[in-house]
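Descriptive structure summary
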Amino acid sequence: MDLKPRPRARRQRERLGREEPGSVLRGPPITITCECGEKRNLHYGEEWQCERCGKRWDTRQIPAEQYEAIRRLQWRFRLVPIVLGLLVAALAIFFTLTGNIFNVFVLLPLAMVVWFSFVRPAHQRRYRRAIADLPRWELRPQ
């Protein structure tokens, strides 16, 4: 008699906004537009054959070190909101444990107002400036 436990079905992670599956760890998707007009988003290292005209596209034509620089830049700009969120959560826990519940009710709305009014717009401007300087590639079909 075999008593192996059954594998549990993994619950699908909820995607927020325009996030592509795997974009956090594998890097941002690469948009390829075929000469016939067909479009596809691929991850680095993937190949695609256009269904309409049959041309093959390979994302490994992009230099690996340049794509790695893009991944590092994206990861660095994703860390800022995560770190600030953890800081606000740590302060809320600290205030709760010390009995200053009123400070939590002041901290959370204040943190959101500061984030959405000042920090996030400045962060987005810096991110747009940083990605504007990144290289663009013209891939050729094989």
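Residues numbered from 1 in each chain as written. Predicted model: local features only at pLDDT ≥ 70, side-chain atom pairs only at ≥ 80, totals over all residues. Heavy atoms only, no water.

**Regarding the overall build of the protein chain**
Helix and strand content of the protein chain: three helices and four strands. Going from the N terminus to the C terminus, the protein chain shows its helices and strands as α-β-β-β-β-α-α. Counting every position in the protein chain, which comprises 142 residues, the buried fraction comes to 20%. Taking the intrachain contacts of the protein chain between residues at least 6 apart in sequence as the baseline, contacts between residues at least 24 apart amount to 40%. (Helix = DSSP H or I, 4+ residues; strand = E, 2+ residues; numbered from the N terminus. Buried < 20%, exposed > 50% of the residue type's maximum accessible area, 1.4 Å probe, protein only. Contact = heavy atoms within 4.5 Å.)

**Section: the pairing of strand β1 (residues 30-33)**
Residues Ile-30 and Ile-32 line the buried face of β1, whereas the alternating positions Thr-31 and Thr-33 sit on a face that is not buried. By the bridge criterion, four bridges tie β1 to strand β2 (residues 39-42) in an arrangement that is antiparallel. Note that in β2 the partner of Ile-30 across the bridge is Leu-42. What sits between β1 and β2 in their antiparallel hairpin is a turn of five residues, with Gly-37 showing a positive phi close to 105 degrees. (Pairing = 2+ DSSP bridges.)

**Some words on the packing of helix α2 (residues 64-97) against helix α3 (residues 101-132)**
Following both chains from N to C, one finds α2 and α3 inclined at 170 degrees, their axes separated by 11 Å at the closest point. The pairing of α2 with α3 is recorded here as roughly antiparallel in orientation. The residue inventory of the contact of α2 with α3, partitioned by class, reads 19 nonpolar, four polar and one charged. (Axes fitted to C-alpha atoms, helices over the stretch in contact; angles between N-to-C directions. Parallel < 35°, antiparallel > 145°, perpendicular 65-115°, else oblique. Nonpolar A, V, L, I, M, F, W, Y, C, P; charged D, E, K, R; others polar.)

**Remarks on the nonpolar core**
Listed in full, the 10 residues of the largest apolar core are Ile-30, Ile-32, Cys-34, Leu-42, Trp-48, Cys-50, Trp-57, Ile-62, Tyr-67 and Leu-139. For Ile-30, the residues in contact, after removing those within four places along its chain, are Arg-40, Asn-41, Leu-42, His-43, Tyr-44, Thr-59, Ile-62 and Tyr-67. (Core = buried A, V, L, I, M, F, W, Y, C linked by side-chain atoms within 4.5 Å.)

**Side note on the packing of aromatic side chains**
A full pass over the atoms with the stated rule returns three aromatic pairs. A ring pair is formed by Phe-94 and Phe-95, whose centres lie 5.8 Å apart and whose planes are at 55 degrees; its orientation type is tilted. Classification of Phe-94 as partly exposed rests on a relative accessible area of 48%. On the basis of relative accessibility, which here comes to 18%, the residue Phe-95 falls in the buried class. (Phe/Tyr/Trp six-rings, centres within 6.5 Å; stacked < 30°, edge-to-face > 60°.)

**Overview of the pattern of salt bridges**
Counted by the stated rule, this structure contains seven salt bridges. The shortest N-O distance in the salt bridge between Arg-56 and Glu-47 comes to 3.0 Å. Looking at Arg-56, the relative accessible area reads 34%, which means it is partly exposed. For the salt bridge of Arg-71 with Glu-68, the shortest nitrogen-to-oxygen distance reads 3.0 Å. Taken together, the residues Arg-71 and Glu-68, both in helix α2 and three residues apart, mark about one turn of the helix. Residue Glu-68 is classed as partly exposed on the basis of its relative accessible area of 31%. One continuous salt-bridge network, built from bridges that share partners, spans Glu-47, Arg-56, Asp-58 and Arg-60. (Salt bridge = Lys/Arg side-chain N within 4 Å of Asp/Glu carboxyl O.)

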